[in-house]
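Read off the chains here:
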Amino acid sequence: RLTAYEVGAKNRFLDNRAQANLSVFYYDYQDFQVTAQGVVAGQPSAVTVNAPKAELYGAELEGTLLLSANSRIDGSVAYLHAEYKDFVLPTGDAFSPGFADYSGLTLAKSPEWTFNIGYQHSWDFANDGRLTVRVQTHYESSKNLDYHNFDVTEQGAYTKTDLIVTYDAPGGVWSVMAYGRNLEDEAVLVQASPDAQNVNPYGGSGAYAPPRLYGVQLSAK
């Protein structure tokens, strides 16, 4: 059960060339369901456990500024506090059989700070074609990917930058896009679980986001 409170404002300035949106929120969760890797009949398995109370609050500011008819800057910054206020497992789990208390730990996949910023510029040609170049960067502070908050499932702070160049043919009949994503070639965990089967909080398994990628994409209508 979720009781959510949110207040915000959407604003436009400078003859609609600038936009700034602000929101502040507070989420009160009761019987928050947490799915993680556990052990069932001696085998690794996905299990769902209940955190009686979880609390989230934070704020987000996002904005766009049109520098000219063909260029713009956009970005956002978000702050998040996410905590299991009451998270007691009366029968415990693999890492704490019989009784486990994870109250006060941070919710999984909840970075405290997130930043995004991008710049985009377009060139219009006499034949009605258009060339657009965009560069964007995403930053996240450290976060944990499992409710136990073990070091092995923590993803440290990282930055990922993308560069995208798109040519749109006259009339929008076809377009070609060249891109480079994750230019820093960061190894970013997107899913991780400690080794519950062997009760090893220092080992585990996980999955990574793609490494640095380059490519070309052709689209036609």
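Here is a short report on the structure shown in this document. Computed from a predicted structure; not experimentally measured.

### Some words on the overall build of the protein chain
Here's step 1: If you tally the helices and strands in the protein chain, you get zero helices and 17 strands.
Here's step 2: In terms of C-alpha radius of gyration, the protein chain reaches 22 Å, well past the compact-globule figure of 17 Å for 221 residues.
Here's step 3: The buried share of the protein chain, reckoned over its 221 residues, is 31%.
Here's step 4: A total accessible area of about 12,700 Å² is found for the protein chain, and carbon and sulfur atoms account for 55% of it.
Here's step 5: On the protein chain, the mean spot of the 15 positive side-chain charges and the mean spot of the 25 negative ones are 9 Å from each other.

### Concerning the pairing of strand β4 (residues 71–86)
Here's step 1: Sheet topology note: the strand β3 (residues 43–68)/β4 ladder contains 15 bridges and is antiparallel. Looking across to β4, one finds that leucine 61 is bridged to valine 77.
Here's step 2: Hairpin connection of β3 to β4: two residues between the antiparallel strands.

### So, the sheet that holds strand β9 (residues 113–124)
Here's step 1: Spatial strand order, β1-β2-β3-β4-β9-β10-β13-β14-β17: nine strands in an open sheet with antiparallel pairing. Two strands close off the open sheet at either side, each with one partner strand: β1 (2–13) and β17 (213–220). Pairwise comparison of adjacent strand axes, ignoring direction, gives a mean angle of 20 degrees for this sheet.
Here's step 2: Of the strand pairs in this sheet, strand β10 (residues 130–140) and strand β13 (residues 158–168) are connected by eleven bridges, and their pairing is antiparallel. Note on β13: the bridge partner recorded for glutamine 136 is aspartate 162.

### A short note on unusual backbone geometry
Here's step 1: In the Ramachandran plot, asparagine 16 falls in the positive-phi region, its phi being about 70 degrees despite a non-glycine side chain.
Here's step 2: Structurally, asparagine 16 is set in the loop between β1 and β2 (18–40).
Here's step 3: Within the chain, asparagine 182 stands out as a residue other than glycine whose phi angle is a positive 55 degrees.
Here's step 4: Mapped onto the elements, asparagine 182 comes out in the loop between β14 (174–181) and β15 (189–195).

### Description of the side chain of glutamate 55
Here's step 1: Relative to the helices and strands, glutamate 55 is located in strand β3.
Here's step 2: Here tyrosine 26 takes part through its side chain, which lies 2.9 Å from a polar atom of the side chain of glutamate 55.
Here's step 3: Filtering out sequence-adjacent residues up to four positions away, glutamate 55 remains in contact with Tyr26, Tyr27, His81, Ala82, Glu83 and Lys85.

### A word on the packing of aromatic side chains
Here's step 1: The full count for this structure, using the stated rule, is 15 aromatic pairs.
Here's step 2: Ring centres of tyrosine 5 and tyrosine 26 lie 6.2 Å apart, and the angle between their planes is 40 degrees; this geometry places the pair in the tilted category. You can see tyrosine 5 sitting in strand β1 and its partner tyrosine 26 sitting in strand β2, a full 21 residues away along the chain.
Here's step 3: Given a relative accessible area of 29%, tyrosine 26 falls into the partly exposed group.
Here's step 4: Seen from their ring centres, phenylalanine 25 and tyrosine 27 are 5.1 Å apart, and the 40 degrees between their planes marks the pair as tilted.
Here's step 5: With a relative accessible area of 22%, tyrosine 27 lands in the partly exposed category.

### Observations concerning the environment of aspartate 195
Here's step 1: Mapped onto the elements, aspartate 195 comes out in strand β15.
Here's step 2: For the pair aspartate 195 and glycine 63, spaced 132 residues apart in sequence, the C-alpha separation works out to 42 Å.
Here's step 3: Among all residues touching aspartate 195, those that are not within four sequence positions of it are Phe95, Asn200, Gly203 and Gly204.
Here's step 4: A polar contact is formed between the side chain of aspartate 195 and the backbone nitrogen of glutamine 197, at a distance of 3.5 Å.

### Some remarks on the pattern of salt bridges
Close approach of charged atoms allows side chains with opposite charge to pair.
Here's step 1: Evaluation of the coordinates by the stated rule reveals seven salt bridges.
Here's step 2: Across the pair glutamate 83 and lysine 85 runs a salt bridge, and its minimum N-O distance is 4.0 Å.
Here's step 3: The residue aspartate 124 makes a salt bridge to arginine 130 at a minimum N-O spacing of 2.6 Å.
Here's step 4: Under the relative-accessibility criterion, arginine 130 is labelled partly exposed at 34%.
Here's step 5: Put simply, Arg72, Asp74 and Arg134 are held in one network by salt bridges that share partners.

Criteria and thresholds
Residue numbers here run from 1 along each chain, matching the order of that chain's written sequence. Where local features are concerned, this predicted model is filtered to residues with pLDDT of at least 70; where side-chain atom pairs are given and counted, the filter is 80 or more; whole-chain, interface and lining totals use all residues. Side-chain metrics in this entry use all non-hydrogen atoms of the structure; hydrogen atoms and water are not considered. Runs of H or I in DSSP of at least four residues are treated as helices and runs of E of at least two as strands, each being numbered from the N terminus. Only C-alpha atoms enter the radius of gyration; for comparison, a globular chain is expected to reach 2.2 Å times N to the power 0.38, where N is the number of residues. Buried, partly exposed and exposed residues are distinguished by accessible area as a fraction of the type maximum, computed with a 1.4 Å probe on protein chains only: under 20%, between the cut-offs, and over 50%, respectively. Accessible surface area values rest on a Shrake-Rupley calculation with a 1.4 Å probe, where residue burial reflects the displayed protein chains alone. Counted as positive: Lys and Arg. Counted as negative: Asp and Glu, with His and the chain ends omitted from the count. Charge coordinates come from a single atom per side chain, which is NZ of Lys, CZ of Arg, CG of Asp or CD of Glu. The rule for pairing is simple: two strands pair if DSSP sees at least two bridges between them. Axis geometry follows a simple rule: fit a line to the C-alpha atoms, using only the stretch in contact for helices, then measure angles between N-to-C directions, giving values from 0 to 180 degrees. For this analysis, a polar contact is any N or O atom pair within 3.5 Å, provided that within protein one partner can donate a hydrogen and the other can accept it, and provided that sequence-adjacent residues contribute only side-chain to side-chain pairs. Should any heavy atoms of two residues lie within 4.5 Å, those residues are counted as being in contact. In this analysis, rings of Phe, Tyr and Trp, with Trp reduced to its six-membered ring, are considered paired at centre separations within 6.5 Å, and the interplanar angle assigns stacked below 30 degrees, edge-to-face beyond 60, and tilted for intermediate values. Throughout this description, the term salt bridge denotes a Lys or Arg side-chain nitrogen within 4 Å of a carboxyl oxygen of Asp or Glu.

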